[in-house]
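One letter stands for each residue in the lines below.
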Amino acid sequence: NFNLAHFTQSAPSIRECPPEAGAEVAFAGRSNAGKSSAINTLTGNHKLARTSKTPGRTQLINFFDLSENTRLVDLPGYGYAKVPRAMKEQWQKNLSEYLHERRCLAGLVVVMDIRHPMQEFDTMVINWAVEAQMPVHLLLTKADKLKKGPAQNTLLQVKKSIKEAGVDDLVTAQTFSSLKGAGLDTLKQRLTGWLLS
Ligand code: GTP
Ligand code: MG
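Residues numbered from 1 in each chain as written. Chains lettered and ligands numbered in written order. Predicted model: local features only at pLDDT ≥ 70, side-chain atom pairs only at ≥ 80, totals over all residues.

Trainee: For this particular structure, what's the right way to read the overall build of the protein?
Mentor: From N to C terminus, the protein includes five helices and seven strands. The secondary structure elements of the protein, listed N-terminal to C-terminal, are β-β-α-β-β-α-β-α-β-α-β-α. In terms of overall dimensions, the protein is globule-like: its C-alpha atoms have a radius of gyration of 15 Å, near the 16 Å expected for 197 residues. Taking the principal axes of its C-alpha atoms as reference, the protein extends roughly 45 × 35 × 35 Å. Here the protein holds 197 residues, and the buried ones make up 41% of them. Excluding contacts between residues fewer than 6 apart, the proportion of contacts in the protein whose partners are at least 24 apart in sequence is 73%. (Helix = DSSP H or I, 4+ residues; strand = E, 2+ residues; numbered from the N terminus. Rg over C-alpha atoms; globule rule 2.2 N^0.38 Å. Buried ≥ 20, exposed ≤ 12 C-beta atoms within 10 Å, placed from the backbone. Contact = placed C-beta atoms within 7 Å.)

And the structure:
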């Protein structure tokens with residue numbers, strides 16, 4: 001039950017994550033892509049994860065427990081221009097490590113603005129996850145910003161590139177809107193599969 005989500009802790013780095021237990025699903029994506037908003041829509045609690053018009057709002061890793069053994073993880077956004085280079089490089093290293101080493105990580109949601117999908121760093125993160133044999137769900141969010149035709153076209157393009165890369169066994173994709181709640185059932189289904197398996 002995603003509505004039971006509650007904030008439990010923030011960690012400044014992967015090293016300070018809660019102990020490995022149960023299963024978690026993490027949300028990654030560029031700054032301002034809509035990660036925190038997606039978590040709020042998923043949990044039906046619009047005060048749960050802080051959202052902002054200013055990119056780089058979420059600077060800590062935030063943990064939200066769904067039950068004693070399951071949680072959602074809101075990761076800081078990447079690609080934020082104003083963050084110093086050394087900090088960016090550190091974060092990339094951390095994220096790669098987290099994807100490879102965190103054994104309780106059941107799957108990764110990569111949140112992308114449907115108007116700018118599959119940017120360089122998105123592709124890199126997807127590749128790290130695939131390397132780590134981690135299932136990935138691509139959430140093409142802010143679908144309300146496009147008409148239905150162009151939104152479906154973008155989804156088809158993204159699905160095509162997954163197939164061409166030969167990673168369609170691990171990677172799935174859908175359109176989503178946190179504003180309208182569109183695609184919520186599909187997202188819940190995918191995450192439930194991960195958290196219960
Ligand atoms: P960082 O924490 O900075 O990495 O950003 P984030 O990925 O958590 O993005 P956040 O959820 O804070 O959303 C960024 C902005 O996009 C906010 O102004 C949101 O209101 C807006 N937004 C998020 N999702 C949607 C959506 O589905 N539709 C529309 N129209 N706006 C959205
Ligand atoms: Mg955020």
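Trainee: Explain the nonpolar core here, please?
Mentor: It is characteristic of soluble globular proteins that their nonpolar side chains tend to be buried jointly. The biggest cluster of nonpolar side chains holds 49 residues, and the ones touching the most others in it are Val110 and Leu139. At seven residues, the largest contribution of residues to this core is made by strand 5 (residues 105-113). Setting aside residues no more than four positions away along its own chain, Val110 makes contact with Ala28, Gly29, Asp122, Val125, Ile126, Val136, Leu138 and Leu139. (Core = buried A, V, L, I, M, F, W, Y, C linked by C-beta atoms within 7 Å.)

Trainee: For this particular structure, what's the right way to read the environment of Asn40?
Mentor: Of note, Asn40 is situated in helix 1 (residues 35-43). Expressed as a C-alpha distance, the spacing of Asn40 and Gln189, which sit 149 residues apart in the sequence, is 16 Å. Dropping the residues within four chain positions of it, Asn40 is found in contact with Asn45, His46, Leu48, Ala49, Thr51 and Ser178.

Trainee: Help me understand the pairing of strand 4 (residues 70-74), please; the structure alone is not making it clear to me.
Mentor: Moving residue by residue along a regular strand, the side chains alternate between the two faces of the sheet. Judged by how many residues are buried, strand 4 sits mostly within the fold: five of five residues are covered. The sheet contact formed by strand 2 (residues 23-29) and strand 4 spans five bridges and is parallel. If you follow Phe27 over to strand 4, its bridge partner there is Asp74. Where strand 3 (residues 61-65) meets strand 4, four bridges bridge the pair, whose relative direction is antiparallel. The residue of strand 4 that forms the bridge with Phe63 is Val73. In textbook terms, the turn of a hairpin is the stretch between consecutive antiparallel strands, and for strand 3 and strand 4 this stretch comprises four residues. (Pairing = 2+ DSSP bridges.)

Trainee: Please clarify how unusual backbone geometry should be interpreted in this entry.
Mentor: For residues that are not glycine, phi is negative in most cases, and the peptide bond is trans in most cases. The phi torsion at Asn32 lies on the positive side, around 75 degrees, for a residue other than glycine. Structurally, Asn32 is set in the loop between strand 2 and helix 1. Among the residues examined, Asn32 registers 20 C-beta atoms within 10 Å and is labelled buried. Although it is not a glycine, Gln133 adopts a positive phi angle of roughly 60 degrees. On the secondary structure map, Gln133 appears in the loop between helix 3 (120-131) and strand 6 (136-141).

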